[in-house]
Amino acid sequence: MTLDLLIFQSINNLATQNSVADFLFIWITHLGYIAIAIIVLLSKKKKPVINSFLAAVLGKAIEESIKLIPYFYRARPFIDQKVNLLVINYPTSSFPSGHTIVAFALALPLLYYNKKLGIIATVLAILVGFSRIFVGVHYLSDVFGGVLIAVISVVITHYFTKHIVLKYV
């Protein structure tokens with residue numbers, strides 16, 4: 001048994017043990033990144049909004065590109081394992097976690113512009129990643145892959161907007 005599978009099972013086995021936790025993590029898995037987008041908009045500044053949304057778009061583009069490459073295909077946990085599946089999900093590739101990419105791509109730029117809102121958004125992004133394992137649709141490595149892609153997207157868009165776009169805004 002791999003460490004990835006062991007960690008997945010440890011987290012996913014918490015599902016169905018408490019109806020409040022189940023409800024919370026189902027909500028977070030479906031709406032967490034929307035809540036983060038609202039937090040970004042609450043910053044009331046153009047730069048974090050532009051950086052966050054560009055990073056999310058770039059991250060999603062990278063995710064979709066990776067999912068087109070057969071080498072990176074990985075069956076979702078509910079396909080290969082006995083899981084406590086709390087949400088309906090398509091049997092697409094598990095790697096990387098798109099929800100995690102969007103959540104972190106939206107949240108991380110906010111840390112640069114508004115520390116308090118950035119911390120709240122980042123904690124919510126962490127909960128989105130955790131929720132994807134909890135509800136039974138991703139392994140830990142899928143979530144870590146999503147975080148890495150989000151960080152890369154944020155760095156690229158930050159450089160791009162700082163040196164090209166936001167110079168004129």
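Provided above is the structure to which this section pertains.
Thresholds, definitions, all that
- Residues numbered from 1 in each chain as written.
- Predicted model: local features only at pLDDT ≥ 70, side-chain atom pairs only at ≥ 80, totals over all residues.
- Heavy atoms only, no water.
- Helix = DSSP H or I, 4+ residues; strand = E, 2+ residues; numbered from the N terminus.
- Rg over C-alpha atoms; globule rule 2.2 N^0.38 Å.
- Buried < 20%, exposed > 50% of the residue type's maximum accessible area, 1.4 Å probe, protein only.
- Patch = residues over 30% accessible without salt bridge, like charges linked within 9 Å, V, L, I, M, F, W, Y side chains within 5 Å.
- Areas by Shrake-Rupley, 256 points an atom, 1.4 Å probe, with all protein chains shown as cover.
- Salt bridge = Lys/Arg side-chain N within 4 Å of Asp/Glu carboxyl O.
- Phe/Tyr/Trp six-rings, centres within 6.5 Å; stacked < 30°, edge-to-face > 60°.

**Description of the overall build of the chain**
Along its length, the chain carries seven helices and zero strands. Ordered by position from the N terminus, the helices and strands of the chain form the series α-α-α-α-α-α-α. Rg of the C-alpha trace for the chain: 16 Å, near the compact-globule value of 15 Å for 169 residues, within the 12% margin. For the C-alpha atoms alone, the extent of the chain along its principal axes is close to 55 × 40 × 25 Å. Scored against the burial criterion, the 169 residues of the chain give a buried share of 46%.

**Quick word on a nonpolar patch on the surface**
Residues Phe23, Trp27, Leu31, Ile34, Ile38 and Leu42 make up a contiguous nonpolar surface patch of about 590 Å² in total accessible area. Along the chain, Ile34 falls in helix α2 (residues 19-42). Overall, Ile34 belongs to the partly exposed group, its relative accessible area being 40%.

**Focus: the packing of aromatic side chains**
Each aromatic ring pair is specified by the distance between its two centres and by the angle formed by the two planes. Under the defined criterion, the tally for this structure stands at seven aromatic pairs. Their ring planes at 40 degrees and their centres at 4.7 Å tell us that Phe25 and Phe134 sit as a pair that is tilted. Placement of Phe25 in helix α2 and of Phe134 in helix α6 (residues 115-134) is noted, with a sequence separation of 109 residues between them. Note on accessibility: Phe25 and Phe134 belong to one class, buried. Counting every residue linked through ring pairs, the aromatic cluster contains Phe25, Phe130 and Phe134.

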